[in-house]
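Report on the structure
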Amino acid sequence: MNTNYWVVDKIVDTLENSPQLKQAAELLEQNEVVAFPTETVYGLGGNAKSDLAVEKIFAAKGRPSDNPLIVHIARKEQLNDFVDVIPDSAKKLMAHFWPGPLTIILSYKEGTLSSKTTAGLSTVGIRMPDHQVALALLEQVDLPIAAPSANRSGKPSPTMAQHVKEDLDGRIAGIVDGGPTGVGVESTVVDCTTEIPVILRPGGVTKEQLEDVVGEVLYDPALTDVKETPKSPGMKYRHYAPDAPLYLVDGSKEGIQVLIDGSRREGLKVGVLTTEENQSFYDADYIFTCGKREHLETVASSIYEALRSFDKAGMDLIYSEMFPNVGVGNAIMNRLLKAAGQKVIKG
Ligand code: AMP
Ligand code: MG
């Protein structure tokens, strides 16, 4: 399949007349799948009402079919088509965080979307992305658009159009290139079907920010206890993983250097994931500097690029520093632990 590639500028205010977006919207209306930028990561969009379109998303990604897709909308009114009840907690969260990196799980009006979008669940996850290009495209199609991250399943999520191309060129109808994404980790998924909202996946909006708006919010116990079954089906899969094995190191930079030296003596090419504060300390085959530790948002925005870059640099093994579980640090650690297959070693 020929994959169209359109470059659009998210700064210009002519997006509604953009011929590139018009073509992308037409393909979506024809139940083809198209990747587009959001403020979190690039999404792979398809008509959420169409079995055919949603099957194409799963096939292009190689995604397990029991993992439901998030439905993206441009206007709140669209919700009424496929959601039964909107509890007060959800209303408050939407008013405060939409458009933005927050997916809200609500009870689903049976038969209004493809059952492949919801993976047969009685709930549906919805969000309104905070990105000019995404919103302009969603406005033009005027359909609910199912859009998981636009990577091959299991790989790090794409934060640049180039990453989408690496994974999906020839497998999808088009890629809208709107430049690098901002937040860099996926949306926070919060279940509002329970009396107290529950975070199923940490992401761009922190627990503290949610609590400021709706009071108490819980974490799904499965996020910290691997023996629990996650309520979000996608959370049980290995994810975000580079080809080279990744180890998170619970220890000092000196301890990490000892590990690097040991692995290099065995003839391995060793990469290290660090931040600006420590980058000049390490001696390794490849060093990726992921923002500044004191501003965890800068780490989040480059974490997936970091994971992809170790494979491009041909590393055999990666050691990574750990990050504090505060604010967006929760999302960073959640993704790194998955990418590492939960491998944490002492350093
Ligand atoms: P992705 O589309 O790759 O960003 O992943 C979407 C995440 O949201 C996955 O972890 C899904 O399992 C989760 N999700 C989507 N819909 C629901 C739902 N109705 N209930 C629980 N989790 C959901
Ligand atoms: Mg994903």
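Please refer to the structure higher up on the page.
Residues numbered from 1 in each chain as written. Chains lettered and ligands numbered in written order. Predicted model: local features only at pLDDT ≥ 70, side-chain atom pairs only at ≥ 80, totals over all residues. Heavy atoms only, no water.

**Quick look at the packing of aromatic side chains**
Here is the rule: The pairing test for Phe, Tyr and Trp rings, Trp by its six-membered ring, is centres within 6.5 Å, and the orientation test on the planes gives stacked under 30 degrees, edge-to-face over 60, and tilted for anything in between. The numbering of helices and of strands both runs from the N terminus, where a helix is a DSSP run of H or I of at least 4 residues and a strand a run of E of at least 2. Buried, partly exposed and exposed residues are distinguished by accessible area as a fraction of the type maximum, computed with a 1.4 Å probe on protein chains only: under 20%, between the cut-offs, and over 50%, respectively. Criterion for a charge above a ring: Arg CZ or Lys NZ at most 6 Å from the ring centre, at most 35 degrees from the ring normal.
Per the counting criterion, the structure on display carries 4 aromatic pairs. Measuring from centroid to centroid gives 5.4 Å for Tyr240 and Tyr304, while their planes differ by 35°, and the two rings are tilted. Remark: Tyr304 occurs in helix 8 (residues 296–312) and Tyr240 occurs in the loop between strand 11 (218–219) and strand 12 (246–250); sequence separation between them is 64 residues. With relative accessibility at 2%, the residue Tyr240 sits in the buried group. Between Tyr247 and Tyr319, the ring centres sit 6.1 Å apart and the planes meet at 40°, which makes this aromatic pair tilted. Of this pair, Tyr247 sits in strand 12 while Tyr319 is found in strand 15 (residues 317–320), placing the two residues 72 residues apart along the sequence. Among the residues examined, Tyr319 registers a relative accessible area of 6% and is labelled buried. Its end group placed over the ring of Tyr5, Lys165 keeps NZ or CZ at 4.6 Å from the ring centre. Positioned above the aromatic ring of Phe281, the side-chain terminus of Lys253 is 5.3 Å from the ring centre.

**Structural notes on the site of ligand 1**
Note the cut-off: Here a residue counts as near a molecule or strand whenever at least one of its heavy atoms sits within 4 Å of it. We call two N or O atoms a polar contact when they sit within 3.5 Å, provided that within protein one can donate a hydrogen and the other can accept it, with sequence-adjacent residues counted only if both atoms are side-chain atoms. Here, Shrake-Rupley sampling with a 1.4 Å probe gives the accessible areas, and only protein chains in the shown set may cover a residue. As defined here, a cavity is a set of points on a 1 Å grid over the protein atoms alone where a 1.4 Å probe fits but cannot get out. A pocket is an open set with protein on both sides within 12 Å along at least five of seven lines, and residues line them when an atom is within 4 Å of a point. Each molecule is assigned to a cavity or pocket provided more than half of its atoms lie within 2 Å of the corresponding grid points. In this classification, the charged set is Asp, Glu, Lys and Arg, the nonpolar set is Ala, Val, Leu, Ile, Met, Phe, Trp, Tyr, Cys and Pro, and all remaining amino acids, among them Gly, are polar.
Every one of the 19 residues lining ligand 1 counts as a neighbour, but Arg63, Asn67, Arg201, Ser232 and Gly234 are closest to it. With respect to ligand 1, the side chain of Ser232 contributes an N or O atom lying 3.0 Å from a nitrogen atom. Gly234 has a polar backbone atom sitting 2.7 Å from an oxygen atom of ligand 1. For ligand 1, the accessible surface in isolation is 500 Å², of which the surrounding protein chains cover 95%. Taken atom by atom, the bulk of ligand 1 overlaps the largest pocket. Put simply, the parts of the chain that give the shell around ligand 1 at least two residues each are strand 6 (123–127) and strand 10 (198–201). Among the elements that take part in the shell around ligand 1, strand 6 stands out by supplying 3 residues, more than any other. Grouping the amino acids of the shell around ligand 1 by side-chain chemistry returns 10 nonpolar, 6 polar and 3 charged.

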